[in-house]
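Residue-level structure breakdown
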Amino acid sequence: MSPQDPRAQDPRTARTKGRLRESLLAECADRPLAEVSVSAVVRRAGIGRATFYLHYEDLTALAVDACADVVHAAVDALHAWQTGPSALPPARPPAALAGFLADAAGRAPLYRTLLLPGGGGPLGDRLHRELRARARAERAAVGAPHPELVASAVAAAFTGVLADWLHEDVAAEPEALADHLWALLLALHRAIGPGRGPAAKAAQVS
């Protein structure tokens, strides 16, 4: 559905898609996406198959939509320390980052289907894209050098480590992983030093 489609603003559409998202997450609570059927999702949601296909091409498309909140939660968790445009990043990660990781671990079976090892997959692509855009904009706003380069490195590192952790290729408890990720992201920002002036120091992490 394109942004111009009038159904995009229809409250009935929003409710229907919300029910489908909730139904899918419930179906995936104890089994992987590959074992879930459209029939099971629409039956739980109380919605017809034709209505499902009116909104989504397949279950993967629905799953990516259902997981959109994890992308926003990840971006917000990484920026929870920012209280103003000149705020400096703390040495320790914001508590929201460990909280996000703990929540992600609880839905690991579904996320592993969409976020492949190394950070690929539909969820990985979306997470990388949104993290990169946020980091690039904030680094550019305070005059830090090479915002595109550093933003790409930050987004790739976070997405890749998160994916490998969810696939159990990286062993760490959520709080420990938050500490390690935070140190890694700070190092990436500092590898190409901040711009001149106090305001630029705020770009050391994005």
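The numbering scheme is per chain: residues are counted from 1 as the chain's sequence reads. Reporting in this predicted model follows two pLDDT cut-offs: at least 70 for local features of residues, and 80 or more for side-chain atom pairs to be given and counted; totals over whole chains, interfaces and linings ignore these cut-offs and use all residues. As a convention, hydrogens and water are excluded, and side-chain values are obtained from all of the structure's heavy atoms.

1. Focus: the side chain of histidine 79
Let me state the cut-off plainly: Strands here are runs of E lasting at least two residues and helices are runs of H or I lasting at least four, both read from the DSSP assignment and numbered beginning at the N terminus. Remark: exposure states derive from per-residue accessible area (1.4 Å probe, protein chains only) relative to the maximum for the residue type, with buried under 20%, exposed over 50%, and partly exposed in between. The term polar contact refers here to a pair of N or O atoms within 3.5 Å; inside protein, the definition further demands a hydrogen-donor-capable atom paired with an acceptor-capable atom, and it admits residues adjacent in sequence only when both atoms are side-chain atoms.
Topologically, histidine 79 is positioned in the loop between helix H5 (68–78) and helix H6 (95–106). Given a relative accessible area of 6%, histidine 79 falls into the buried group. A distance of 2.7 Å separates a polar atom in the side chain of histidine 79 from the backbone oxygen of valine 75.

2. Topic: helix H10 (residues 174–191)
Spelled out, the test is: For a helix, the expected span equals 1.5 Å multiplied by the residue count minus one. The reported arc concerns the directions from the helix axis to the C-beta atoms and nothing else.
The terminal C-alpha atoms of H10, which comprises 18 residues, lie 25 Å apart, in line with the 26 Å expected from a rise of 1.5 Å per residue. Looking only at H10, the buried set comprises Pro174, Leu177, Ala178, Leu181, Trp182, Leu185, Leu186 and His189. Burial along H10 is one-sided: seen end-on, the buried residues are contained in an arc of 165°. Exposed side chains of H10 directed beyond 90 degrees from the buried face belong to His180 and Ala191.

3. Quick look at unusual backbone geometry
Phi at histidine 146 is positive, roughly 50°, even though this residue is not glycine. Here histidine 146 is to be found in the loop between helix H8 (121–141) and helix H9 (147–166). Located in the positive-phi region is glutamate 168, a residue other than glycine, with phi close to 65°. Secondary-structure assignment places glutamate 168 in the loop between H9 and H10. Glutamate 168 gets classed as exposed once you look at its relative accessible area, which sits at 67%.

4. A few points about the nonpolar core
Just so we agree on the cut-off: Among buried residues, those of type Ala, Val, Leu, Ile, Met, Phe, Trp, Tyr and Cys that are joined through side-chain atoms within 4.5 Å constitute a nonpolar core. Contacts are assigned to residue pairs that have any heavy atoms within 4.5 Å of one another.
Counting 53 residues, the largest nonpolar core has Leu20, Leu24, Leu59, Phe100, Phe158 and Leu162 as its most contacted members. Ranked by the residues each element gives to this core, the list is headed by H9, at nine residues. The contacts of phenylalanine 158, once residues within four sequence positions are left out, are Ala74, Leu78, Leu97, Phe100, Leu127, Leu131, Leu181 and Leu185.

5. Focus: the environment of alanine 61
Counting through the fold element by element, alanine 61 comes out in helix H4 (residues 59–66). For the pair alanine 61 and proline 122, spaced 61 residues apart in sequence, the C-alpha to C-alpha distance is 8.7 Å.

6. So, the packing of aromatic side chains
Put simply, the rule is: Put simply, two rings from Phe, Tyr or Trp (the six-membered ring, in Trp's case) pair if the centres are within 6.5 Å, and we call them stacked under 30 degrees between planes, edge-to-face over 60, tilted for the rest.
Taken as a whole and assessed by the stated rule, the structure comprises three aromatic pairs. For the pair phenylalanine 52 and tyrosine 53, a centre-to-centre distance of 5.0 Å together with 90° between the ring planes defines the contact as edge-to-face. You can call tyrosine 53 partly exposed: its relative accessible area is 41%.

7. What about the packing of helix H1 (residues 11–27) against helix H2 (residues 38–45)?
Convention followed: Simply put, an axis is a line fit to the C-alpha atoms, just over the touching stretch for a helix, and the angle between two N-to-C directions goes from 0 to 180 degrees. An angle below 35 degrees is read as roughly parallel, one above 145 as roughly antiparallel, one from 65 to 115 as roughly perpendicular, and any other as oblique. Two helices crossing with the near one rotated counterclockwise from the far one by less than a right angle form a left-handed crossing, whereas a clockwise rotation gives a right-handed crossing. For this classification, the nonpolar set comprises Ala, Val, Leu, Ile, Met, Phe, Trp, Tyr, Cys and Pro, the charged set comprises Asp, Glu, Lys and Arg, and every other residue, Gly included, is treated as polar.
For the pair H1 and H2, the least separation of the axes is 8 Å and the interaxial angle reads 120°. Between H1 and H2, the interaxial angle falls into the category oblique. By crossing handedness, the relation of H1 to H2 is classed as right-handed. Here H1 contributes Arg19, Leu20, Ser23, Leu24, Ala26 and Glu27 to the contact with H2, which in turn contributes Ala40, Val41, Val42, Arg44 and Ala45. Its residues assigned to classes, the contact of H1 with H2 comprises seven nonpolar, one polar and three charged.

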